[in-house]
Amino acid sequence: MPVIIGIIAIVLQLTLIPLISFDFILPDILLIVLVYFTLLKGQLFGTVYGFILGFLFDIFSGGLIGSAMFSKTLADLQPVISLAKTESIIT
Amino acid sequence: MYKILKKFYSSFKEYIILIFLLLVSLSILPLNKKANVKTLRTYALGNMALVNSVISKFKNLYSLSRQVKQLEQKNAELMIQVNQLREYGLVNSELKNLLKLKDSTNFPLIPSTIVTKFIPGREGYLIINVGSKDNVNIGMPVVNESGFVGIVTDTTGEFSVVKTLKSPDSKLAVRDQRSGVDGILSWNGNEFIIQNVPTTDDVNIGDRIVTSPVSTISPPSLPIGVVNSKKTSIAGLLTDVSIVPFVDFVKLRNVAVLKIISNSEIDHIEEKLLKEVN
């Protein structure tokens, strides 16, 4: 299920999202999906999920293969750490 | 040792996998130059281009309609600008001609602009934006670059009323510049006419008509117009001469007041003569 949602997010990111761009600044819904599933299923899942979606994104976008893989894999680390910090502050 | 490694792995497996995957990503980057990867990327690009072409059709529709609106707005702005420039051009040419007139005439001129051409109940009158404060007095002739326009009939501090040749009660002594034949020019509501010119008088079509030296309200030789046609009356003794004026009273915008007034001494002698005749 997360992979299907991820693929839909990639397609939307590459097709419809540029239509609402403002001076080439556009929201990254792929990152939103990644953060959502990482928070839902944990850090390890998020890392692998980011790696796979990054790879698919590189393939679909025709960009440099490896660039989105690297950035999406790394991007998933941050929300978990932030969440852990927030929880530790609260408790 | 194995236990330690296992414990280390279980404690930091997220980070170990993360580093591993990051390294894999980095190691893939140099492979982009390989032919197989290039083929894969080309194939992916082709598919994405197909999807994007469908979407871009809708996108173009939206952006084109927006562009059309912007261009329409721009077009309207430019139209107004062109109109203004055309207006400035016309005013510029008129003012240049007025300056030429000012240089060529011996009379001092007071330049002015027409405020209104429509005075209710007074056909053929107009109001100009100079008045008694600018030393404009009743009786002063008004001209433009083409010729005689009219006479100042009333003044206030800053405005003056001008009775133009197109006023029904306007009568002006004029002369055929070629032959020297005098006559009285009037406006019959349709055309300018010099009425009752003897048929024996030498007036030809195309002759220039100017203000006559016998006129007490305007200086002599101010251009009026040209003879357009002649109509002989039934008796065959008198002719009505039709004149086409040089001044375009419809397009009239800027005029100048000639700073002279009729000679009161001449008027006085004329009045005296009239009294003697009566």
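**Student:** Quick rundown of the interface of chain A and chain B? Include the residues and the values.
**Tutor:** Think of interface size as the accessible area that goes away when the parts come together; that is how it is often given. Each side of the interface is counted separately: chain A has 24 residues, and chain B has 23 residues. For the pair chain A and chain B, the summed buried area comes to about 2,100 Å², and 82% of that belongs to carbon and sulfur atoms. Together, Leu44, Ile65 and Phe70 of chain A form the three largest contributors to the area buried by chain A at its contact with chain B, with a combined 25%. Scanning the region where chain A abuts chain B turns up 0 salt bridges. For the interface between chain A and chain B, the tally reads 0 residue pairs in polar contact (both at pLDDT 80 or more). At the level of elements, helix 1 (2-15), helix 3 (43-61), helix 4 (67-75) and helix 5 (77-90) of chain A are the ones that each hand at least two residues to the side of chain A that touches chain B. Looking at the side of chain A that touches chain B residue by residue, the classes come out as 15 nonpolar, 9 polar and no charged.

**Student:** Explain the side chain of Ser160 of chain B to me, using residue names and the numbers behind them.
**Tutor:** Residue and element names in this part refer to chain B. By secondary structure assignment, the location of Ser160 is in strand 5 (residues 160-164). Look at Ser160 and you get buried, because its relative accessible area is 1%. There is a polar contact of 2.5 Å between the side chain of Ser160 and the backbone oxygen of Val130. Dropping the residues within four chain positions of it, Ser160 is found in contact with Leu126, Ile127, Ile128, Val130, Gly131, Val136, Val152, Asp154 and Thr155.

**Student:** Describe helix 3 of chain A, and please don't skip the residues or the numbers.
**Tutor:** All names here are of chain A. Over its 19 residues, helix 3 extends 26 Å from the first C-alpha to the last, a length consistent with the 27 Å expected when each residue adds 1.5 Å. When we look at burial in helix 3, the residues that qualify are Gln43, Gly46, Thr47, Tyr49, Gly50, Phe51, Leu53, Gly54, Leu56, Phe57, Asp58 and Ile59. Just downstream of helix 3, Gly62 is the residue with a positive phi angle, here 75°.

**Student:** Outline the sheet that holds strand 10 (residues 223-232) of chain B, supporting the account with residue identities and numerical values.
**Tutor:** Sheet strands line up and pair through hydrogen bonds in the backbone, either parallel or antiparallel. Residue and element names in this part refer to chain B. Sheet architecture is closed into a barrel: 6 strands sit in the order 6-7-8-11-10-9, paired in antiparallel fashion. Between one strand and the next, the sheet's axes are offset by a mean angle of 40°, whatever the strand orientation. In this sheet, strand 11 (residues 238-245) lies alongside strand 10 in antiparallel orientation, the contact comprising 7 bridges. Note on strand 11: the bridge partner recorded for Lys230 is Val241.

**Student:** Give me the lowdown on the sheet that holds strand 3 (residues 141-143) of chain B, citing residues and values where you can.
**Tutor:** Residues and elements named next belong to chain B. Read around the barrel, 6 strands follow the order 1-2-5-4-3-12 and close on themselves; strand pairing throughout is antiparallel. Taken over all neighbouring pairs, the strand axes of this sheet differ in orientation by 45° on average, direction set aside. Two strands pair when backbone bridges link them, and strand 2 (residues 125-128) and strand 5 are joined in this way by 4 bridges, in the antiparallel orientation. When the bridges of strand 5 are listed, Ile128 appears paired with Ser160.

**Student:** Report on the packing of helix 3 of chain A against helix 1 (residues 2-28) of chain B, specifying residues and quantitative values.
**Tutor:** Relative to each other, helix 3 of chain A and helix 1 of chain B sit at 10°, their axes nearing to 9 Å. As the angle between them shows, helix 3 of chain A and helix 1 of chain B are arranged roughly parallel. Counting all contacts with helix 3 of chain A, which are made through Gln43, Leu44, Thr47, Val48 and Phe51 of chain A, the residues of helix 1 of chain B involved are Lys13, Glu14, Ile17, Leu18, Leu21, Val24 and Ser25 of chain B. A breakdown of the residues in the contact of helix 3 of chain A with helix 1 of chain B according to their chemical character gives 7 nonpolar, 3 polar and 2 charged.

**Student:** Residues and numbers for the pairing of strand 5 of chain B, please.
**Tutor:** All names here are of chain B. Of all 5 residues making up strand 5, 4 are buried, and the element is well covered by its neighbours. With 5 bridges joining them, strand 4 (residues 148-155) and strand 5 adopt antiparallel strand pairing. Opposite Gly150, over in strand 5, you have Thr164 as the bridge partner. Hairpin connection from strand 4 to strand 5: 4 residues lie between these consecutive antiparallel strands.

**Student:** Break down the pattern of salt bridges for me, citing the residues and quoting the values.
**Tutor:** Scanning the model with the defined rule gives 6 salt bridges over all chains in all. The closest approach of N and O atoms between Lys72 of chain A and Asp28 of chain A, which form a salt bridge, is 2.9 Å. On the criterion of sequence distance, the pair formed by Lys72 of chain A in helix 4 and Asp28 of chain A in the loop between helix 1 and helix 2 (29-41) is long-range, its members being 44 residues apart. On the accessibility criterion, Asp28 of chain A (27% relative accessible area) is partly exposed. Ionic pairing is found between Lys231 of chain B and Glu191 of chain B, a salt bridge with its closest N-O pair at 3.8 Å. Note that Lys231 of chain B is positioned in strand 10 and Glu191 of chain B in the loop between strand 7 (182-187) and strand 8 (192-198), a separation of 40 residues in sequence. Shared partners join several salt bridges into a network, and the residues in it are Arg178, Asp202 and Asp207 of chain B.

Cut-offs and rules
- Residues numbered from 1 in each chain as written.
- Chains lettered and ligands numbered in written order.
- Predicted model: local features only at pLDDT ≥ 70, side-chain atom pairs only at ≥ 80, totals over all residues.
- Heavy atoms only, no water.
- Contact = heavy atoms within 4.5 Å.
- Buried area = accessible area lost by both parts, 1.4 Å probe.
- Salt bridge = Lys/Arg side-chain N within 4 Å of Asp/Glu carboxyl O.
- Polar contact = N/O pair within 3.5 Å; in protein donor to acceptor, adjacent residues only side chain to side chain.
- Helix = DSSP H or I, 4+ residues; strand = E, 2+ residues; numbered from the N terminus.
- Nonpolar A, V, L, I, M, F, W, Y, C, P; charged D, E, K, R; others polar.
- Buried < 20%, exposed > 50% of the residue type's maximum accessible area, 1.4 Å probe, protein only.
- Expected span 1.5 Å × (residues − 1).
- Pairing = 2+ DSSP bridges.
- Axes fitted to C-alpha atoms, helices over the stretch in contact; angles between N-to-C directions.
- Parallel < 35°, antiparallel > 145°, perpendicular 65-115°, else oblique.

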